[in-house]
Each structure stands twice: as C-alpha cells, then as structure tokens.
Amino acid sequence: MALPAWHPESFAARRPFLEARARLAAAARAWFAARGYQEVETPALVPVPGMEVHLRGFPTSFEPHLGQGTARRLWLRTSPELALKRLLVAGAGPVFELARVWRNGEVSPRHAPEFTMLEWYRPGLTLEGLMEECEAFVRGTCPARVAHAGVETALSLPFERITVADAFRDWCRGFDILATVRPDGSGDDAALAEACAARGLAGPPGEGWEDGFFRLLLDHVEPRLGRERASFLTHWPAPQAALARRDPADPRAALRFELFVAGLELASAFDELTDAEEQAARFRHDCAERERRYDAQAAWLPDEDFLAALARGMPAGSGIALGFDRLAMLAAGARRIEDVLWLGGFPFR
C-alpha cells in the first residue's frame, strides 16, 4: 500500500522535485517582473468556469447568510482566462497569474483535477511575438535539455514552427485539413470523412468533424512534435479557434498555437479575438455542443459579463495558458505530475 503524501518518507522522495518547483516559480515571477508584467490574482469561484466544450467543471453554490446575497450556482474555474481578459479591458496592461484551477475527471501521470496554470497576456503583442516570448521564457527557466517518458528535447535549439495544415499534409498522407473547413469557419463532416476514406484513414461510422480532427491529430501529428526540438503547432483550423482571431490571410485558419516539449503538450495560445458579436456566437455554439454531448448538469450558459467587457473594448494582443505543473515536471525531471504537487495527487488516486 502506498504511503500517504504527508508521510515523511513519501515527502522525502518528492522533496527534490518540490524544491525544483519552488525555484521555477521564483524564476517565473522574476522573469515576468523584468519584462513589465504585473502579477495578479483573480477569483477562483465563478459563475462560469470556462468555455471549452470538453472540460468538466466542479459545481458548488453560494448560500445566503443572515439575509445577505442571493442563492446561486457557482463553479471552481477551469482557467483564469476570462478574468484576466476583463483586466485587459480595465486597462491593467501586461498581466500574469499563477492560478490554481480545477478540471473534473482529469487524472493521469500528466493530469490532476486540481493544478496550476500560468497565464500571461500582453496588449499589442502579435502571435509571432508571443512565440518568441514563450520560447525565451521556457529556455530561461528550464535546464538546457529536458526529458519525459523517454523523449528528450534540447531547449538550446530554436523551437520548430509548423502549421496544422503542413503537419496534416506531411503526416496524414497529404491530407488538406483546411479543405474540410467551410467559409463560415465550421467543419464539414462529409468532406472530412471523404478525405479520410480516400487515404485509408477512415474513422468510426458517423464520426463528426471535431472527433475526426482530433483522432488524426492524436494518432499522426502529436507523436511527432516536441521531440529533439520543441515545437509550436500553429494556425489551427477555424472550428478550433475558441477565443482566437481567424487569420485574415485565410479565414479557414485561426491565429492559435500549442507548444510541445519532450512529447508533452505544454501550452495553448491565441491572438485574442476582440469582436464581441463573433465571440458571443461561438459561445452559443459551444454551450449547445456541451449540452448535446453531456448531461444538463455539466452545462452552463455563456459568460455574459465577459461579453459585456469585450463589447466595451479589449485591446488587441495575445495571451497564453501554460501548464505550470508540467513545466515543473520537465524542470525537475519528474515522471508524474503528483511528484511536483506538495501533497501529491491525494485524494484522487
């Protein structure tokens, strides 16, 4: 039987990893302070936990006491993203947060239901500029060579940049993923199924665009990323835009990237969408899709307060969410995420 995380022997085994995590947190704060970022703290208890379709939240509720306040359903946040963007509207300027976040059901050597997300946003920064900044941050806070699950990455080498379209063409038998995106930015189920069948990549009957996209991505693309060099996977198809702007040069793609290091997906970033009407339409679609896929108890309505802030005017810029615990795993040489958590994975294992 495994020792509890508080047991002195268990703690002693994790202590080198935890000390590396503490050094990483201090280095991160110093790195951002030196570049004019303000560290902020935003609410963890929120009326809308986030807008990603596939994330499951932890629900709770506010109960009035002594007649003060109104009873309402609340959630633990899945990300500080919507709060940090409200601060951009307020005029806070460049901000970052080491935020505690919660995602229900996520347990694996790389996942924990409660974990730390490092997010930062800078008005006026392009997606290219954010890639340069992200590369400098990872290189400046981690060892020159990192490894996970037998995959080693030399951070001293320039980070690779490859578009999703190029990755699918190169590794999915010439697949043109953008040809399966309609002009309105939605995915064409039939076009994707036909292209898969023509290349011997067919999925299960009735597979929709999103499921087919992620099947190909996980099976054929991600295993090739973040190997000897770190990889930025850029310009995602428009159906995966989320809160990113569509590319003015090709609206079938969105100005978004993900970072992979030592085979780990480490970060996701957007050139931020500032059009409140377009974002509201995306939110409505995502809420309907979440309710279709899951039960009503797992669903929530769009964040109307965020949309009101966006309509007030958010400055153009870019932002990124980076899994701090995964970065700590790489910096410390840890095999499991619970090795870099002060009280391990208790009580979820």
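Residues numbered from 1 in each chain as written. Predicted model: local features only at pLDDT ≥ 70, side-chain atom pairs only at ≥ 80, totals over all residues. Heavy atoms only, no water.

**Q** Before we go on, may I ask you to explain the pattern of salt bridges in this structure?
**A** Where charged atoms from two side chains of opposite charge come close, those side chains can pair. This model, assessed by the stated rule, comprises 28 salt bridges. With a closest N to O distance of 2.7 Å, Glu81 and Lys85 form a salt bridge. A residue pair is termed a helical-turn pair when its members lie 3 or 4 positions apart in one helix, as Glu81 and Lys85 do in helix α2 (residues 81-90) at four residues. On the accessibility criterion, Glu81 (10% relative accessible area) is buried. Residues Arg100 and Glu114 are paired through a salt bridge, measuring 3.2 Å at the closest nitrogen-oxygen approach. Separated by 14 residues along the polypeptide, Arg100 in strand β5 (residues 95-102) and Glu114 in strand β6 (residues 114-123) bring together distant segments of the chain. The structure contains a network of salt bridges with shared partners spanning Glu210, Asp211, Glu289, Arg292 and Arg293. (Salt bridge = Lys/Arg side-chain N within 4 Å of Asp/Glu carboxyl O. Helix = DSSP H or I, 4+ residues; strand = E, 2+ residues; numbered from the N terminus. Buried < 20%, exposed > 50% of the residue type's maximum accessible area, 1.4 Å probe, protein only.)

**Q** Would you mind going over the nonpolar core with me for this structure?
**A** Residues Trp120, Phe137, Val138, Leu259 and Val261 are the most contacted members of the largest nonpolar core, which totals 44 residues. For this core, the elements supplying multiple residues, two or more each, are α1 (8-34), β5, β6, α3 (127-141), β12 (250-261), β13 (264-271), β14 (317-323) and α9 (324-332). Per element, the largest residue contribution to this core is six residues, and it comes from α3. If we skip the residues at most four places from it in the chain, Phe137 touches Ala28, Trp31, Phe32, Leu118, Trp120, Leu322 and Leu327. If you look at the next biggest cluster of nonpolar residues, it comprises 25 residues, including Phe168, Leu201, Leu217 and Phe260. (Core = buried A, V, L, I, M, F, W, Y, C linked by side-chain atoms within 4.5 Å. Contact = heavy atoms within 4.5 Å.)

**Q** What is the right way to look at helix α5 (residues 189-198) in this model?
**A** Residues spaced three or four apart along an α-helix face the same direction, because each turn holds 3.6 residues. Burial in α5 covers these residues: Leu192, Ala195 and Cys196. Buried positions in α5, seen along its axis, are confined to an arc of 100 degrees and lie on one side of it. In α5, those exposed residues whose orientation departs by more than 90 degrees from the buried face are Ala190, Glu194, Ala197 and Ala198. Contacts from the buried residues of α5 go to α6 (209-221). Looking at the residues trailing α5, positive phi occurs at Gly200, about 70 degrees. (Arc of directions from axis to C-beta.)

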